[in-house]
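Here is what each chain is made of, one letter per residue.
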Amino acid sequence: MNQFLAFIKKEFFHIYRDKRAILILLVMPIAQILLFGFAISTDVKNIKTAILAPKHTEMMERLAEEIDQNPRFDFVGFLQIENEIDNYLRTNKADVTITFPANFENEVYSGLDNRVCISVNATDPNTASIESNYIAQELYNILSEKTMKGIEPQVSPINVHLMYNPQMKSSFNFVPGIMGLIMILICAMMTSVSIVREKESGTLEVLLVSPMKPFSIMIAKMVPYFGLACINLVSIMILAYYVLDVPLTGSLFWIIAISLLYIILALSLGLLISTLAETQIAAMLISAIVLMMPIILLSGMIFPSESMPPILEYISKIIPTRWYISAMRKLMIQGVSIQYALKEVYILLGMTAFIIAITIKKFKIRLE
Amino acid sequence: MADVICVNGLTKRFGDFVAVNNITFSVKEGEIFGFLGANGAGKTTAMRMLCGLSFPSEGTGTVAGFDIAKQSEKIKKHIGYMSQKFSLYEDLTVMENIQLYAGIYGVEKETMKRESTALLKKLDFENKKDTLVSSLPLGWKQKLAFSAAIFHHPKIVFLDEPTGGVDPATRRQFWEMIYETAANGITIFVTTHYMDEAEYCNRVSIMVDGKIEALNTPKNLKEQFHVDSMSKVFDQLARRAKRGE
């Protein structure tokens, strides 16, 4: 046991004396959360909105005012004739225009022909669909307040309820993704690099000649990174909850339990990489190319895996991060109980067992 | 005196390649045993088997009284090892390195404190104990690495080209440490490329193509080959090698 503690102490010295490592391990996760939470987001703000209303009534005025007050929209003015819609969109004076039918005001309560037309500049299709959703939602909200008679306004025959994330904040989506990415980075990349560094410096040889069992050397190497990953887990969750207002609605116990499972998985991946790589650069490259790229592109962190071509979707299924992110979204954002995320838990458990099995096998071969 | 290393017909195969071919020798307690050979002659493989890092394909052997095929864990407790890279942690201080090796070999805390203080005094390192190893000169690192390797009083210490890249004066000092250690009863098993160092050994074995071609005291070897230096003995033997580097 003393042997083990002496070894862990040494690992802490390594990390503590390497300022770059500290920066990567402790500052980067926080910076990433803040960056993705505030700066890099798919939220759309300041949508320039114009209204074409045949009758310039008091209700239209109030509507325009309400829209202008919402930080998401900038009201740019009333249009007189239909030709102006094209003109406004072409010259980028407006991103969105709303056209009300002539007799809208009377029929909004009677439910006859009251179709509202929303025109959006769809040069960027993602932004366009987000904008049109916002507008539809906003109109629905405003009009339901206006009626106040308990009658559903008939703006649209389809009522859209945005469940779990009514404000459509993209940070809700990013936080689980970043957690998935950071754990891999810290546990897999840093652990593998630190083991391979000892191979390069020749100290691993000395350790293997020592009475310390090879497997306890590896476990002792993982302990500090496990600790750091836990610190990061806590700091990310605190930031997510208090700064980004991510709800963390589900069971905190399960969120942490699944995260710990994922950390163990990432650590064993790091160990596996260290048995494959002979130099620190190779370990970095394997981590970056085999782990980071697929995680960022295919795990569903940014692009939904459901909308990928079938072959990429299959590849995404073998990426552990995909399942972790999916489980975290269910538990943190949707707030469902664990039984709806059991599939993910089983898959992660299976993957962990599989990686550990290969690692042990590889590790024995290498020793011989 | 008793044999601390005793090897009989030791062979290691990697597929068709026979890295170590049927070697037999023994090393006595307190002896300085030089293990020589050109690159690729099989020295490292043989040494790995003796240290319990690799299983022999054939043959038997004991190190410190334990079977190399079955009791490698016990062997590891009773040997020390120093490689040509000096195997210290550059980002740890002198004291932290000593503590680490003491900890790994399970040296008691009290013993460790007492002996590390004595060691630092002996090496004249007292004011360097909190210095990072990376800032020490090469000769100092070498001394420290050797001291760390024998800190737990092993029966045998394996030195794998311990003087690589060190200047002649420092090498002489290092050999003084080796003599002192051997005088205290620790057996020295050393590989080297420097033939002047081979002269310092009590006995020398020379490996060529996986086999031990010569094993005797430096004096006898020189007589046997009718030459005046170990370097010439080695040249004669190494010329027989058929394996490339």
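You'll find the structure just up there.
None of the values given here were measured: they were computed from a predicted structure.

Criteria and cut-off values
Residues numbered from 1 in each chain as written. Chains lettered and ligands numbered in written order. Predicted model: local features only at pLDDT ≥ 70, side-chain atom pairs only at ≥ 80, totals over all residues. Heavy atoms only, no water. Pairing = 2+ DSSP bridges. Helix = DSSP H or I, 4+ residues; strand = E, 2+ residues; numbered from the N terminus. Axes fitted to C-alpha atoms, helices over the stretch in contact; angles between N-to-C directions. Contact = heavy atoms within 4.5 Å. Salt bridge = Lys/Arg side-chain N within 4 Å of Asp/Glu carboxyl O. Polar contact = N/O pair within 3.5 Å; in protein donor to acceptor, adjacent residues only side chain to side chain. Parallel < 35°, antiparallel > 145°, perpendicular 65-115°, else oblique. Left-handed = near helix turned anticlockwise from the far one by under 90°. Buried < 20%, exposed > 50% of the residue type's maximum accessible area, 1.4 Å probe, protein only. Right-handed = clockwise from strand over helix to strand, strands pointing away. Patch = residues over 30% accessible without salt bridge, like charges linked within 9 Å, V, L, I, M, F, W, Y side chains within 5 Å. Areas by Shrake-Rupley, 256 points an atom, 1.4 Å probe, with all protein chains shown as cover.

To continue, consider the sheet that holds strand β1 (residues 47-52) of chain A. All names here are of chain A. Read from one edge to the other, the open sheet built from four strands follows the order β2-β1-β3-β4, with strand pairing classed as mixed. The two strands at the open ends of the sheet, each matched to only one other strand, are β2 (73-79) and β4 (117-120). Averaged over all adjacent pairs, the angle separating strand axes in this sheet is 20 degrees, with direction ignored. As defined by bridge partners, β1 adjoins β2 across six bridges and the pair is classed as parallel. Each bridged residue has a counterpart across the sheet, and for Thr49 the counterpart in β2 is Phe75. The sheet strands contacting helix α3 (residues 58-69) are β1, β2 and β3 (96-99), and the helix crosses β2 at an angle near 155 degrees.

The interface is formed by 26 residues belonging to chain A together with 27 residues belonging to chain B. On the surface where chain A and chain B come into contact, there are one salt bridge. Ionic pairing is found between Glu96 of chain B and Arg17 of chain A, a salt bridge with its closest N-O pair at 2.8 Å. Where chain A packs against chain B, one counts seven residue pairs in polar contact (both at pLDDT 80 or more). Of all the elements in the fold, those that place two or more residues in the side of chain A that touches chain B are α1 (2-17), α7 (170-201) and α8 (203-209) of chain A.

All names here are of chain A. Viewed as axis vectors pointing N to C, α7 and helix α11 (residues 280-298) meet at an angle of 165 degrees, and their least axial separation amounts to 8 Å. On the basis of the axis angle, α7 is roughly antiparallel to α11. Crossing handedness for the pair α7 and α11: right-handed. Between α7, through Leu181, Ile184, Leu185, Ala188, Met189, Ser192, Val193, Val196, Arg197 and Glu200, and α11, the contact on the second element is made entirely by Gln280, Ala283, Met284, Ser287, Leu291, Met292, Ile295 and Ile296.

This part covers the pattern of salt bridges. Residues and elements named next belong to chain B. In the structure shown here, the tally under the stated rule is 20 salt bridges over all chains. When the shortest N-O distance is used, the salt bridge between Glu58 and Arg13 registers 3.0 Å. Highlighted residues: Glu58 in strand β4 (residues 58-63) and Arg13 in strand β1 (residues 3-14), separated in sequence by 45 residues. You can call Glu58 partly exposed: its relative accessible area is 40%.

Let us look at the pairing of β1 of chain A. All names here are of chain A. Judged by how many residues are buried, β1 sits mostly within the fold: five of six residues are covered. In this fold, the crossover linking β1 to β2 by way of α3 has right-handed handedness. Relative to β3, β1 runs parallel, the two being bridged by four bridges. Directly across from Ala50, in β3, lies its bridge partner Thr97.

Every α-helix winds through 3.6 residues per turn, so residues three or four apart in the chain are directed the same way. Residues and elements named next belong to chain B. In terms of residue burial, helix α1 (residues 43-50) counts as a mostly covered element, since six of its eight residues are buried. For α1, the full list of buried residues reads Lys43, Thr45, Ala46, Met47, Met49 and Leu50. Phi turns positive one or two residues past the end of α1, at Gly52, with a value near 80 degrees.

Right, let's talk about the environment of Ile318 of chain A for a bit. Residue and element names in this part refer to chain A. As for its position among the elements, Ile318 is in the loop between α12 (310-317) and α13 (320-334). You can call Ile318 exposed: its relative accessible area is 63%. Sequence separation between Ile318 and Glu82 is 236 residues, and the spatial gap between their C-alpha atoms is 52 Å.

So, on to a nonpolar patch on the surface. On the surface, a nonpolar cluster with roughly 750 Å² of combined accessible area is contributed by Ile30, Leu34, Phe38, Val234, Ile238, Tyr241, Tyr242 and Val243 of chain A. Its place among the elements puts Tyr241 of chain A in helix α9 (residues 214-242).

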